[in-house]
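Listed here are the chains, written in short residue letters.
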Amino acid sequence: MFKPFARSGALPLRPLRGLEEHPEYEEGLPLEPVGSAWVAIDADPCFAVALPWWRLPRGWCRVRVSVDALRGSGCVKLYRDSRGGFSERTQVLLGIAGHRGEIECVCFMPLGLRRLRLDPTEHAGPFSLGCLSITSLGLADQFILTLRGIYRRTRHRLSPLYWQLRGVANRPLLQPYQRIVDYRDWVNSVEPTEDDCDRMAMKAAKEEGPTFSIVMPVYNPELAQLIEAIASVMAQTYPHWELCICDDASTEPDVWTQISELAEREPRLKVQRHVVNGGIARASSAALTSATGDYIAFLDQDDTLARWALDRMARALRQFPEAALLYSDEDKIDENGQRCEPHFKPAWNPDLLHSINYFGHMLVVRRDVVEAVGGFRAGFDGSQDYDLVLRCVDAIRPDQIVHVPGVLYHWRKSHGSTAQVLGAKAGAHPSGIAALSEHMAPIGAHVSDGPFPTSYRVRYPMPSPAPLVSIMIPTRDGGDALERCIDSILRRTLYPAYEILIIDNQCADPRTLSLLSRYQLDRRVRVISYDAPFNFSAVNNLGAKEAIGDVLLMLNDDVEVLTGDWLNEMVPRLYQPGVGAVGAKLMYPDGRIQHAGVILGVGGVAGHSHKYYPRHHLGYFGRLVLPQTVSAVTGACLLVKKADYLALGGLDEVNLAVAFNDVDFCLRLAERKLRTVWTPYAELLHFESLSRGQEDTPEKRLRFAAEVQYMKTRWRDLLLHDRSYNPCLTLEHEDLSLSLEAPHYLQLDAR
């Protein structure tokens, strides 16, 4: 039997529902809140604050709690009951489970407060829970926090140069609160209103456009949810559609009765019924035979479409008339009918698709392409859509794959659905591995389990012979940091063919000079001299000229290699068609994320994705643990072919001596149709800026200001439209939260 637990200074908590003690907890031992292990048995676990109503806090309070959810990154919520019961109206969004350790939030506790409830995660699975503390704020604290709030809301209107030079964007101490946006309020600010929808419907009724055939396999759905799904199609503002339904021998007689009645009233419903159940792939194929539209869309039996979904797809096709595959953003419908967990996706991202079916919903494919690749295939039930898109992608050009920003599809978190629990469908994961293995077979890549169900890891074959990698490490009196870096490479690296080029940039420290003399005795190490003021671009360009290898690795002297197979992971990826550069997962010494790819536009130029997240966190829809295409990676660890490096003229040592030269380099690779890939399977520690320090002198600040201006002038459009990111996500922070300045859906162009 559960008992309330608390530690000194913390509120006692009592499990209410959806919770079990972790198996490792031994009965009888004191249960310490910090790191206490629990298992959420569903997606709605919750604790009650075990205090009588008269002891609950009132007024403005600071709330602190630590939750580390091992699966997903759902919101941590606090519900307040003031005699009206717990409801979504009374919730406070505290933060993201597992993000930055302790979550801190300021909120108001009403005078009539009777109960408090803590919802620690939105995902089934294990998690650890720290103490929950709620402290009343005095007038002085309230005044200070008000000033901070004014500053956070107005700093983007101030000179961007000022706060960039002060390092505001990169100092966690000046970002004490993570901004959490209420999704429902956010939706109301960006989605079309009923009046907008009426205008769209009137306009679409007068225009010709492509016809969409929506394929829906059905088997024993909840009747109310099926009716809601069909109704969402019938309510579309765009009239040129047909709904192709195949009832795969449902045993509930009311299912076919309801479908038949709806088909009698709506001529655009095309229905058929199987006598024997054949599985979802067979039912989807049968429904597909009824399709006569120009494009095929897909809808599950219990999901719904946004009313304007087909209108947005038709608009995207007018923008990209040669598009053959289109996909949108999506969210979920929880068991209370509330929309939640929006997934805002990148534009075409081949490396992410080889890690997970990120296309998801809504998916639209040109009908002749679906027919040309053979449609759905038996034997891939549960991942039949993934098998189909992998074959479609092979049959079309990359510029025919179009992302339509905005949530057009609502995925229901019903019992037994992968929207609720990723591993709910037992056959989905092995079917996905089979589909991806077949897709990768021509290049000899091996596919295995990814970090969570329905994710996959691809190991590409090593070129034969393994190319020589020249590891270029600039240093100026690196001392202990340099020793740690070089020794970690020499001790841990399993890759068979590499040389280390230490580029001596005016070292004078006796300790460092002694190290350089010692390392030159190792045949794998060479030391070359760069006798000029520090210029990261020029130093690496010199190293590239002196390098013997066909592959160059730019590496800071303040990193430490953690995994022996880091180059075995990076080099084969570099040799895949269309890849120009490969980056690694970098962490601070305390294990928090320092670099997981670059997001363009953050802070005005660029920032690091998922900065300060815990090392093993899944990140935003798995993005922290899955290889993916990114716009750029940091030059602290960047792998590139020497031929490509020299073809670009190396790093820009004239305009970008220190900052942003790595971002600029990756963007110039992209101009040559070469993409940049980030992989989480190569891990290094990064003791950031130990060598060159911070931008803390007038000369450095002037140089940095010039580099910022150059990037904004040279790459203005790209900095505002990162194809590996999403226009609905923030450019103020590096945590992939919702943007308070997101454009209205009707203003978003497909890409």
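This text goes with the structure placed above it.
Quantities reported herein were computed from a predicted structural model and do not represent experimental measurements.

*Asks:* Help me understand the overall build of the protein, please; the structure alone is not making it clear to me.
*Replies:* Assigned secondary structure in the protein consists of 20 helices and 34 strands. Considering the protein as a whole, with its 751 residues, one finds that 60% of them fall into the buried category. Of the contacts formed within the protein by residues at least 6 apart in sequence, a portion of 78% connects residues at least 24 apart. Accessible surface, the protein as shown: approximately 30,900 Å² in total, 53% of it carbon and sulfur.

*Asks:* What is the right way to read the packing of helix H13 (residues 479-492) against helix H14 (residues 510-519) from this model?
*Replies:* To describe two helices that pack against each other, one gives the angle between their axes and the distance between the axes. At their nearest, the axes of H13 and H14 sit 9 Å apart, and the two run at 20 degrees to each other. Judged by the angle between their axes, H13 and H14 are roughly parallel. As for the relative orientation of H13 and H14, their crossing is left-handed in sense. Seen from H13, the contacting residues are Gly 479, Asp 480, Leu 482, Glu 483, Ile 486, Asp 487 and Leu 490; seen from H14, they are Arg 511, Thr 512, Leu 515, Leu 516, Arg 518 and Tyr 519.

*Asks:* I'm lost on the packing of aromatic side chains in this one. Help?
*Replies:* Aromatic rings considered in pairs are described by the distance between their centres and by the relative angle of their planes. Across all of its chains, the model carries 18 aromatic pairs by this definition. Ring geometry for Phe 298 and Phe 376: centres 5.7 Å apart, planes at 85 degrees, overall edge-to-face. Here Phe 298, found in strand E15 (residues 295-298), pairs with Phe 376, found in the loop between helix H10 (367-372) and helix H11 (384-395); they are 78 residues apart in sequence, far enough to count as distant. Neither Phe 298 nor Phe 376 differs from the other in exposure class; each is buried. Among the aromatic residues, those joined into a cluster by ring pairs are Tyr 183, Trp 186, Phe 344 and Tyr 745.

*Asks:* Looking at this model, I keep getting lost on helix H19 (residues 698-714). Mind explaining?
*Replies:* Along an α-helix, a turn takes 3.6 residues, which lines up residues three or four apart on a common side. A rise of 1.5 Å per residue sets the reference length of H19, with its 17 residues, at 24 Å; its end C-alpha atoms lie 24 Å apart and thus fit the reference within 8%. Those residues of H19 not exposed but buried are Phe 704, Ala 705, Glu 707, Val 708 and Met 711. An end-on view of H19 places all buried positions within 165 degrees of arc, on one side of the element. Across from the buried face of H19, at angles greater than 90 degrees, the exposed residues are Pro 698, Glu 699, Leu 702 and Thr 713.

*Asks:* When you look at the environment of Gly 382 in this model, what are you seeing that I'm missing?
*Replies:* Counting through the fold element by element, Gly 382 comes out in the loop between H10 and H11. Considered as a pair, Gly 382 and Ser 431 are 49 residues apart in the sequence and their alpha carbons are 6.7 Å apart. For Gly 382, the residues in contact, after removing those within four places along its chain, are Ile 280 and Ala 428.

*Asks:* Explain the packing of H11 against helix H12 (residues 428-440) here, please?
*Replies:* Their axes nearest at 9 Å, the elements H11 and H12 cross at an angle of 15 degrees. Here H11 lies roughly parallel to H12, going by the angle between them. Both H11 and H12 take part in a crossing whose hand is right-handed. Taking contact as the criterion, the partners of Tyr 386, Asp 387, Leu 390 and Asp 394 in H11 are, on H12, Gly 432, Ala 435, Leu 436 and His 439. Broken down by class, the residue content of the contact of H11 with H12 amounts to four nonpolar, two polar and two charged.

Rules used in this analysis
- Residues numbered from 1 in each chain as written.
- Predicted model: local features only at pLDDT ≥ 70, side-chain atom pairs only at ≥ 80, totals over all residues.
- Heavy atoms only, no water.
- Helix = DSSP H or I, 4+ residues; strand = E, 2+ residues; numbered from the N terminus.
- Buried < 20%, exposed > 50% of the residue type's maximum accessible area, 1.4 Å probe, protein only.
- Contact = heavy atoms within 4.5 Å.
- Areas by Shrake-Rupley, 256 points an atom, 1.4 Å probe, with all protein chains shown as cover.
- Axes fitted to C-alpha atoms, helices over the stretch in contact; angles between N-to-C directions.
- Parallel < 35°, antiparallel > 145°, perpendicular 65-115°, else oblique.
- Left-handed = near helix turned anticlockwise from the far one by under 90°.
- Phe/Tyr/Trp six-rings, centres within 6.5 Å; stacked < 30°, edge-to-face > 60°.
- Expected span 1.5 Å × (residues − 1).
- Arc of directions from axis to C-beta.
- Nonpolar A, V, L, I, M, F, W, Y, C, P; charged D, E, K, R; others polar.

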